Amino acid sequence: MPKMKTKSSAKKRFKVTATGKIKSAQAGKRHGMIKRTTKFIRDARGTMVLSDPDTKIVKTYMPYAR
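So, a few notes on the structure that sits alongside this text. Remember, predicted model here, so these are calculated numbers, not experimental data.

**Regarding the nonpolar core**
Soluble globular proteins tend to bury their nonpolar side chains together.
Right, on to step 1. Core analysis: the largest hydrophobic core is formed by six residues, namely Ala10, Phe14, Ile22, Leu50, Val58 and Met62.
Right, on to step 2. In contact with Val58, other than residues within four places in its own chain, are Phe14, Ile22 and Leu50.

In structure tokens:
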């Protein structure tokens, strides 16, 4: 059986933690910061862990992620 391919878009956007959770960048921070509240900008800093339904979808894109 041939190897399964990983989606290139997923490997660029997501990382898998040691416990199997999926980390991603916070959405909504590319442009338009002038209209965002200071609280939003502060809370959206860094990375976030995806919810369980989203994690299930992303893991299908990365078959060899642990």
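**As for the sheet that holds strand β3 (residues 47-49)**
Right, on to step 1. Spatial strand order, β1-β2-β3: three strands in an open sheet with antiparallel pairing. Where the open sheet ends on each side, the last strands, each with one partner, are β1 (14-16) and β3. Shown here is a sheet whose adjacent strand axes are inclined to one another by a mean of 30°, direction ignored.
Right, on to step 2. The sheet contact formed by strand β2 (residues 22-25) and β3 spans three bridges and is antiparallel. Each residue of the ladder has a partner; that of Lys23, found in β3, is Val49.

**Observations regarding the side chain of Ser24**
Right, on to step 1. By the secondary structure assignment, Ser24 is in strand β2.
Right, on to step 2. Judged by its relative accessible area of 8%, Ser24 falls in the buried class.
Right, on to step 3. In contact with Ser24, not counting residues within four places along its chain, are Arg13, Phe14, Thr47, Met48 and Leu50.

**Section: a positive patch on the surface**
Right, on to step 1. A surface patch of positive charge is lined by Lys11, Lys12, Arg13 and Arg30.
Right, on to step 2. In this fold, Lys12 is placed in helix α1 (residues 8-13).

**Observations concerning the pairing of β2**
Right, on to step 1. Only one face of β2 is covered, namely the one carrying Ile22 and Ser24; the face carrying Lys23 and Ala25 has none of its residues buried.
Right, on to step 2. One ladder, built from three bridges, connects β1 with β2; its direction is antiparallel. Of the residues in β2, the one forming a bridge with Lys15 is Lys23.
Right, on to step 3. From the end of β1 to the start of β2, which pair antiparallel, there are five residues, and Gly20 there has a positive phi angle of about 95°.

About the thresholds
Residues numbered from 1 in each chain as written. Predicted model: local features only at pLDDT ≥ 70, side-chain atom pairs only at ≥ 80, totals over all residues. Heavy atoms only, no water. Core = buried A, V, L, I, M, F, W, Y, C linked by side-chain atoms within 4.5 Å. Buried < 20%, exposed > 50% of the residue type's maximum accessible area, 1.4 Å probe, protein only. Contact = heavy atoms within 4.5 Å. Pairing = 2+ DSSP bridges. Helix = DSSP H or I, 4+ residues; strand = E, 2+ residues; numbered from the N terminus. Axes fitted to C-alpha atoms, helices over the stretch in contact; angles between N-to-C directions. Patch = residues over 30% accessible without salt bridge, like charges linked within 9 Å, V, L, I, M, F, W, Y side chains within 5 Å. Areas by Shrake-Rupley, 256 points an atom, 1.4 Å probe, with all protein chains shown as cover. Salt bridge = Lys/Arg side-chain N within 4 Å of Asp/Glu carboxyl O. Lys, Arg positive; Asp, Glu negative; His and termini not counted. Charge placed at Lys NZ, Arg CZ, Asp CG, Glu CD.

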